[in-house]
Amino acid sequence: MTYVDLAIYAFVGNVIDRSQGEIDMTQYKNLYKTLKQFLLILVQRDTATSILLSRWNIELVSEPATGLMEQAYFLVLPNFEKALLDCERECIPFTDVRFKSEEWAEEYKSKAPSGKAPWLQFDDGSYLTESRAILLYAASKSGLVPTDFTDLAVCEQAYSVVFDAYPYLGNIAFNRGDKEENLKNANERLAAADKVIASRQSSEGWVDGKAMTYVDLAIYAFVKNVVDRSQGHIDMTQYKSLYKTYEAVLADSRIKEYYNKE
């Protein structure tokens, strides 16, 4: 059991309680299975859990857990750099399959486990979706995930606060909504992120104050993406802590080699 099982348990239970029967969570077999597995643990420790079982009309049966095998290949969109950098940096073998936007609907969307890209496919047919999850997996293989939970929390904090600006930056890049309002919101979120990162950043530029981690690579890719796509509307150099991390990663010889091959 991990924290994500607890999160899914809370999510599914909340839907059951609040959807007034309009959403049948039993049809989502894996989500529902996680709920039942967590309740099975709870009922062994706390007889009060039987109240939830009665309210949610659940009968518990213990089921074996399944594992995850090693990775085989990536299927990614062109701007997905973060996990690729991790794999390239430590020479983790993978196959990088890229495709153009027009190829998505024709060939790849039907293959995507969650209907989105990117995803990471394993030899046994299992997979990981969501760039953040793939990044963590690749980073763990590269030794770039902190083993200290406080340091890990600092990294996750930085990731979340930086990527809060992404919706507004996307609107700017694709000319959606009011441009000035999007710029205002993006700059506000970037300023907040810069302040948070500065609170623990090392003199070299590392977010957790100690060494390069997966979140430094994520911030590097984020800043590079903004510089490449904002058409000069966002000056990232004004966000000194974000830009300091960007420059620290860029100075790594293996990162330079990766981009020189492109």
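Below: a short report on this structure. The structure presented is a predicted model; accordingly, all values stated were derived computationally and were not measured. (Residues numbered from 1 in each chain as written. Predicted model: local features only at pLDDT ≥ 70, side-chain atom pairs only at ≥ 80, totals over all residues. Heavy atoms only, no water.)

Structural notes on the overall build of the chain
Regarding its fold elements, the chain presents twelve helices and four strands. Each of the 262 residues in the chain was classed as buried or not, and the buried ones make up 41%. Looking at the chain alone, contacts between residues at least 24 apart form 58% of all its contacts between residues at least 6 apart. Of the roughly 15,000 Å² of accessible surface on the chain, a fraction of 51% belongs to carbon and sulfur atoms. (Helix = DSSP H or I, 4+ residues; strand = E, 2+ residues; numbered from the N terminus. Buried < 20%, exposed > 50% of the residue type's maximum accessible area, 1.4 Å probe, protein only. Contact = heavy atoms within 4.5 Å. Areas by Shrake-Rupley, 256 points an atom, 1.4 Å probe, with all protein chains shown as cover.)

As for the pattern of salt bridges
Across all of its chains, the model carries seven salt bridges by this definition. In this structure, the salt-bridge partner of Lys 184 is Glu 188, at a minimum N-O distance of 3.0 Å. Note that Lys 184 and Glu 188 are positioned in helix α9 (residues 179-198) at a spacing of four residues, about one turn of the helix. Overall, the relative accessible area of 41% leaves Glu 188 in the partly exposed class. One salt bridge connects Asp 228 with Lys 224, and the closest N-O pair in it is separated by 2.9 Å. Of the two residues, Asp 228 and Lys 224 are both situated in helix α10 (residues 214-229); the distance of four residues between them amounts to about one turn of the helix. Using a relative accessible area of 22% as the deciding quantity, one classes Lys 224 as partly exposed. (Salt bridge = Lys/Arg side-chain N within 4 Å of Asp/Glu carboxyl O.)

A short note on helix α6 (residues 131-141)
Buried residues of α6: Ile 134, Leu 135, Tyr 137, Ala 138 and Ala 139, and no others. Count one or two residues on from α6 and you reach Gly 143, which has phi positive near 75°.

Focus: the environment of Gln 121
Looking at the secondary structure, you find Gln 121 in strand β3 (residues 119-122). Spatially, the C-alpha atoms of Gln 121 and Thr 95 are 9.8 Å apart, while their sequence positions differ by 26 residues. A distance of 2.9 Å separates a polar side-chain atom of Gln 121 from the backbone oxygen of Gly 125. (Polar contact = N/O pair within 3.5 Å; in protein donor to acceptor, adjacent residues only side chain to side chain.)

Quick look at the packing of aromatic side chains
Within this structure, the stated rule accounts for seven aromatic pairs. Between Tyr 243 and Tyr 246 the ring centres are 5.1 Å apart and the planes differ by 35°, which places this aromatic pair in the tilted class. Taken together, the residues span about one helical turn, with Tyr 243 and Tyr 246 both in helix α11 (residues 240-250) at a distance of three residues. Residue class for Tyr 246 comes out buried when judged on its relative accessible area of 13%. Aromatic rings pair up to connect Tyr 159, Phe 163, Tyr 166 and Phe 222 into one cluster. (Phe/Tyr/Trp six-rings, centres within 6.5 Å; stacked < 30°, edge-to-face > 60°.)

A closer look at the nonpolar core
Formed by 38 residues in total, the largest nonpolar core has its most connected members in Val 162, Phe 222, Ile 234, Met 236 and Leu 242. Contributing elements (two or more residues each) for this core: α6, α7 (149-163), α8 (166-173), α9, α10 and α11. If we skip the residues at most four places from it in the chain, Met 236 touches Leu 190, Phe 222, Val 223, Val 226, Val 227, Leu 242 and Tyr 243. One finds Tyr 9, Val 12, Val 15 and Tyr 32 within the second-largest nonpolar core, a separate group that totals six residues. (Core = buried A, V, L, I, M, F, W, Y, C linked by side-chain atoms within 4.5 Å.)

What to know about the pairing of β3
Residue alternation in β3 divides its side chains into two sets, Trp 119 and Gln 121 and Leu 120 and Phe 122, and both sets are buried. With antiparallel pairing between neighbouring strands as the criterion, β3 and strand β4 (residues 127-129) make up a hairpin whose turn holds four residues, including Gly 125 at a positive phi of roughly 95°. (Pairing = 2+ DSSP bridges.)

Thoughts on the packing of α10 against α11
Between α10 and α11, whose axes approach to 8 Å, the crossing angle comes to 105°. With respect to each other, α10 and α11 are oriented roughly perpendicular. On the side of α10, the interface is formed by Asp 216, Leu 217, Ile 219, Tyr 220, Val 223 and Lys 224, while α11 contributes Leu 242, Tyr 243, Thr 245, Tyr 246, Val 249 and Leu 250. (Axes fitted to C-alpha atoms, helices over the stretch in contact; angles between N-to-C directions. Parallel < 35°, antiparallel > 145°, perpendicular 65-115°, else oblique.)

A few points about unusual backbone geometry
For the bond from Ala 117 to Pro 118, the omega torsion is 5°, close enough to zero to count as cis. In this structure, Pro 118 sits in the loop between α5 (101-108) and β3. Here the phi dihedral of Glu 130 falls at roughly 80°; this positive angle occurs in a residue that is not glycine. With respect to the helices, strands and loops of the structure, Glu 130 is situated in the loop between β4 and α6. Residue classification places Glu 130 among the partly exposed positions, given a relative accessible area of 39%.

A few points about a nonpolar patch on the surface
Judged by side-chain polarity, Phe 11, Ile 23, Tyr 28 and Leu 31 come together as a nonpolar surface patch covering roughly 370 Å² of accessible area. On the secondary structure map, Leu 31 appears in helix α2 (residues 29-45). Using a relative accessible area of 32% as the deciding quantity, one classes Leu 31 as partly exposed. (Patch = residues over 30% accessible without salt bridge, like charges linked within 9 Å, V, L, I, M, F, W, Y side chains within 5 Å.)

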